[in-house]
Amino acid sequence: MAFIRRRRLERELYSKERFSLLLLNLEEYYFEQHTANHIINKDCKDERKFRGSLKICSKSIIFEPDDNIQPIIKIPLRDCISIKAPEDNEANNPFTRNPSGGISVVCSQVFLIKERNVIAPYKTVRGRTEHFFQLDVAGKVGDVVQTLHQLYRASCLDKMGDQAAMITAILQSRLARTSFDKNRFQSISETLHMECKAEMVTPLVTNPGHVCVTDANLYFQPLNGYPKPVVQITLQNVRRIYKRRHGLMPLGLEVFCTENDLCSDIYLKFYNYQDRDEVYFLIATYIDLTKPETFRDLSKPVGALNKERLDRLVTRYQEMPDPKFMYGSHYSSPGYVLFYLVRVAPEYMLCLQNGKFDHADRMFNSIAETWKNCLDGATDFKELIPEFYENDSSFLVNSLKLDLGKRQGGKMVEDVELPPWASGPDDFLQKSQEALESPYVSEHLHEWIDIIFGYKQKGSEAVAAHNVFHPLTYEGGVDLNSIMDPNEKVALLTQILEFGQTPKQLFTTPHPQRIIPKFRSLSRTSSHSISIAESPVSPNEESFEDLTEESITLAWNNIAKLKFDKQYKIHKEAITGIAVTCNGSSVFTTSQDSTLKMFSKDSKTIQRSVSFSNMALSSCLILPGDTTVISSSWDNYIYFYSIAFGRQQDVLMGHDDAVSKICWRDGRLFSASWDSTVKVWHCVPGETLSNKKHHFELLAELEHDVSVNTIDLNAANTILASGTKEGTISVWDITTATVLHQLPCHSGTVFHAAFSPDSRHLLSTGEDCCFKVIDVQTGMLISSVTAEEPQRCFKWDGNTILSGSQSGELLIWDLLGGKVIERIKGHTGAVMSMWMNEQCNSVITGGEDKQIVFWKLQY
C-alpha cells in the first residue's frame, strides 16, 4: 500500500505522461527515446501523422502519441518482419533538402494500449502492418536502426538465456559509453566519492543507469532519463539503509529517508557486490549513529570532556588541601533529576525549591543548551536520566500548560527544544534508543560502566580518570552513626540527600566489552581494503577465493542448514586431527592408530598412509604452500612430512611427554604437551633436495602446573590460550612469555579452546559439559553454558557455536541465549576433531568411529 500511495503521488507529478515502465515485459529495459512522428499509410491519400515519443526498449518498440485519445503502440521485436531506414546515399546526401529521417517497421502483430487514455486490457492487432517513424533529428536514424537490428537478433535467439546474455551485453556496452553528468550536482562544491553502474528497482521493473555518491548526495541518473533526469537523495535525510539480496544475489541496496515508511526512497541493484558495499559504506558514514564523532567519549566523566575546563579543575584539585575533590557538584542528584522531569513532576520541584520553580533561564529549555552547559559550565556535570531511553516522551512536552516563567529574551518556557535531526519528541526518544544500541556505544559502554559503577570510581584509578567527587557522595565517606551532634548530623544528611550520591561500586576490575557481532570500522583508509561479499557461487561448487566479513556472516546465519554430504572410514582408531590443502583436493588426518593419511576428495581414495612410530598421533597441520604436513605424537616427537617427496622430512624431539596440540603462525611452531609446557619454536625449513634438516630455535617455554591439552592463538599472534587436564585456562602474552590471566574454568580436562574472530573473547569446553567465555582483556568469566554431555571440539563466530558432542551429534548453539538451536546426527562415537574452511560453508569432522564426515551448507 505504501508503494501504491507513492505511485499516485508520482502520477500526479507526471500526469501528462502515459508511458510507464510497467508497459515493458518482465526483465525488459528501456534504452532511449526520440521525438518523432508516427506516420500511418505513408504516401497514400489517407496518410495520418501523429506526433509523440518513440521509445527503444530491449524487447519492443513503443510509440507514445502526444494526443491522449490515440493509443500507445507497442511492437514486439520478435514480431517484426523488417526494420529499415532510407537508402544510405539518400539519407547522407547533403543536397537533400528534407531528409525523411524515417524508420520503417513492418510487423505481424502490434498492441494498442491506453486508447482514449483509459487503463484497460491491451488490444491486439494481428496481421501484416507497416509503421513509419519520422525522427526530428534525422542524423540519429542510423544509430537507432543499428540498435534495433541488434535487439531484433537477440529477440530471435531460441534460448532465453542466450537472449538475456546478448541484451545484457548491449546494455553494459551502452552504460560503458556513458557516465554520470556532473552538471547535475546540486552544488559545484560537492566532492565526488564514487561512481558506478546500477539499476533502480521498483516492483516488476528495473531501470539501468549510473549511481554517483558525493559528500552531500546520492544520485541516480537513468540511462533513459526516465522518470526524470536525476533522482537525488540528500545524505543528511537518510534514516535507514539496508543491504538486500536481489535475485538471490547480494546486490541490492535500499535507502529510506523516513523512519517508519515501508516504502524506500530508492532501491538499487548493482552489478557486483563491491560497488554495492562501497555505496553502503559511503552512505553509512553520513548517518547520526555510525559516526564515532557523533558520540561523547564514554571513557571520561562529563567533567573531563572539555579539556580547558578540565585543566582548570585539575589545577584547583592539586592546590586543594585534603580531602581533595575535583568536582564541586555531582552528576546525579534529586535536583538534576527534577531538572529533566519538571514538566511531568512539578510538585516535586516545588517541594525541593521551597514552593518555587527555578529561574526560567536555568530550566530544561533545550537539548543543545543543556549539552553546552554540561560541556562548558563551571559546576554542571550532570548525566542523562533513564527517561531519555524509554518510550514516554511526556517529560519533553509542557502538556500541563505550566507557567514555568519567561526567559530574558521574553520567550516563555514551553516544550523542550529538540535537535534538528529529531522530527518530534517520540522521534527524539527513538533515535536516542538507537544511539544507545549503536555499534559505537556497544563497543564503548563498558568504559562508562568502569567510571560510574566500576574500578575507576574510587582510588588511584579514579584520580587518573579525573573522576573524583566530594567525599560525602561516596558510600562510607562518612559514618553518620559516629556523629553525636544532632545538628551536625542533620546538616550532613541534608547535604548528602541534596548534593547527590555516587552509586555503590559494583566492579573492582575493568568491565568486559559487550559481546556483539563484529562491526566494520569507519576509519579505514581504502574503500577496497575491506570489501563485503556474499559468495556468488553455487552451494554445490567449490570456491577458494578470498572471502570477507559478510559471506562469513551469511554462512553463520545459515549454519543450522548444515547438511551431511559424504562419509568415509579411513582409520583403525579415533581420528584426532584434520588438515586440508588450499585447493581442497587433499585431506590429511591423524589418528590414535599412529598413522597420517592423505585422502583424495576427487578420487575418494586414500592415496598415502604413513606411520612414524607405534604411538598415537594427536594433531596435524599443513604449512603455507601445501608442501609439508606437521604431525604431533604421543611419543614426545613432532614429525615433518614432505608432501612433494612422500617421505618424512624431519623430526623434532620437543617435549618430555606426549605432544597434545600444535599450531603454526608466521614461521613459528607452538607445541603443547602433557609435560606441562607450551613451547614456541622458530623454524627455518631445510632444503628438501639436500641433507640439510630444519633448524629449530626455542624462543619461549610457558610452564604450567599440570598437563596441557589444547592451545590456540589470537588473530594477531600475540596472545596464546592454553587449557590443562585439570580445567585451568591460561592466557599468555607471547611477546613477553608472561601469563596475563589464569582461571579455574572447568572441573576436569579442557578439551578445546578458541579465540573469537575479533580476539576479544575466548571460548572453552571441557569434561564438565560446560562452555565458558572469558573476556580476554580483563580475564573475567562472562558467560557459562551447560550442555547435556561433553562437547569435544567446536568452531564459533563469537555468537554462534558449532560443536561436536561426545555422542557424535553436531550441535548448533545460540551463545547469548544459552540454548541449542539445532541438532544434527553425525558420528556413532565422539566427534574428536573438526575442520572448517575460510568461507565457513564447508565442514569436515573426524570421529571416534574412525570416520571422516563431509558437511556442506545448503542455502
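The structure reproduced in this document is the subject of the present report.

### A few points about the overall build of the chain
Looking only at helices and strands, one finds 14 helices and 42 strands in the chain. Here the chain holds 859 residues, and 51% of them are scored as buried. Once local pairs closer than 6 in sequence are excluded, the contacts in the chain between residues at least 24 apart make up 52%. Total accessible area on the chain stands at roughly 41,800 Å², and carbon and sulfur atoms take up 51% of it.

### With respect to the pattern of salt bridges
Where charged atoms from two side chains of opposite charge come close, those side chains can pair. Applying the stated criterion to the full structure yields 24 salt bridges. Across the salt bridge formed by R407 and D361, the nearest N and O atoms sit 3.1 Å from each other. Pair noted here: R407 is in the loop between α9 (367-376) and α10 (425-436) and D361 is in the loop between α8 (346-352) and α9, with a separation of 46 residues, a long-range link. Taking relative accessible area as the criterion, D361 reaches 22% and is therefore assigned partly exposed. The salt bridge partner of D376 is K372, with a shortest N-O separation of 3.4 Å.

### What about the sheet that holds strand β41 (residues 842-847)?
Ordered in space as β15-β42-β41-β40, the four strands form an open sheet in which the pairing is antiparallel. A single partner strand is all that each edge strand has here, and the edge strands are β15 (562-569) and β40 (831-836). Neighbouring strand axes in the sheet, compared pairwise and without regard to direction, differ in orientation by 20° on average. Here β15 runs beside strand β42 (residues 851-857); their pairing, made up of seven bridges, is antiparallel. Across the sheet, residue K569 finds its bridge partner in β42, namely Q851.

### Focus on the sheet that holds strand β20 (residues 617-622)
With respect to topology, four strands assemble into an open sheet ordered β20-β21-β22-β23, the strand pairing being antiparallel. The sheet is open, and its two edges are formed by β20 and β23 (647-653), each paired on a single side. Shown here is a sheet whose adjacent strand axes are inclined to one another by a mean of 20°, direction ignored. Two strands pair when backbone bridges link them, and β20 and strand β21 (residues 628-633) are joined in this way by five bridges, in the antiparallel orientation.

### Quick look at the packing of helix α3 (residues 141-155) against helix α4 (residues 160-176)
Relative to each other, α3 and α4 sit at 155°, their axes nearing to 8 Å. As the angle between them shows, α3 and α4 are arranged roughly antiparallel. When α3 is examined against α4, the residues T147, Q150, L151, R153, A154 and S155 are found in contact with a partner set consisting of Q163, M166, I167, I170 and R174. Residues of the contact of α3 with α4, tallied by class, amount to five nonpolar, four polar and two charged.

### Notes on the environment of E130
Here E130 lies in strand β7 (residues 123-135). In sequence terms E130 and V105 are 25 residues apart; their C-alpha atoms lie 5.7 Å from each other. In terms of polar contacts, E130 uses its side chain to reach the side chain of S104, at 2.6 Å.

### With respect to unusual backbone geometry
Residue P227 is bonded to the preceding Y226 through a cis peptide linkage, with omega at 0°. Note on placement: P227 falls in the loop between β10 (217-222) and β11 (231-234). Each neighbour pair has its own omega, and for D322 with P323 the value is -5°, a cis peptide bond. Positive phi outside glycine occurs at N717, with the angle close to 60°. With respect to the helices, strands and loops of the structure, N717 is situated in the loop between β28 (708-713) and β29 (719-724). Since its relative accessible area comes to 9%, N717 is described here as buried. Residues other than glycine seldom take positive phi values, yet C769 does so here, at roughly 70°.

### A few points about the pairing of β29
Taking burial as the measure, the six residues of β29 include six buried ones, the bulk of the element. Two strands pair when backbone bridges link them, and β28 and β29 are joined in this way by five bridges, in the antiparallel orientation. When the bridges of β29 are listed, D712 appears paired with A721. Connecting β28 to the next strand, β29, in antiparallel fashion are five residues, including N717 with a positive phi near 60°. Of the strand pairs in this sheet, β29 and strand β30 (residues 728-733) are connected by five bridges, and their pairing is antiparallel. In the sheet register, S722 faces β30, and the bridge partner there is S730.

Conventions adopted
- Residues numbered from 1 in each chain as written.
- Predicted model: local features only at pLDDT ≥ 70, side-chain atom pairs only at ≥ 80, totals over all residues.
- Heavy atoms only, no water.
- Helix = DSSP H or I, 4+ residues; strand = E, 2+ residues; numbered from the N terminus.
- Buried < 20%, exposed > 50% of the residue type's maximum accessible area, 1.4 Å probe, protein only.
- Contact = heavy atoms within 4.5 Å.
- Areas by Shrake-Rupley, 256 points an atom, 1.4 Å probe, with all protein chains shown as cover.
- Salt bridge = Lys/Arg side-chain N within 4 Å of Asp/Glu carboxyl O.
- Pairing = 2+ DSSP bridges.
- Axes fitted to C-alpha atoms, helices over the stretch in contact; angles between N-to-C directions.
- Parallel < 35°, antiparallel > 145°, perpendicular 65-115°, else oblique.
- Nonpolar A, V, L, I, M, F, W, Y, C, P; charged D, E, K, R; others polar.
- Polar contact = N/O pair within 3.5 Å; in protein donor to acceptor, adjacent residues only side chain to side chain.

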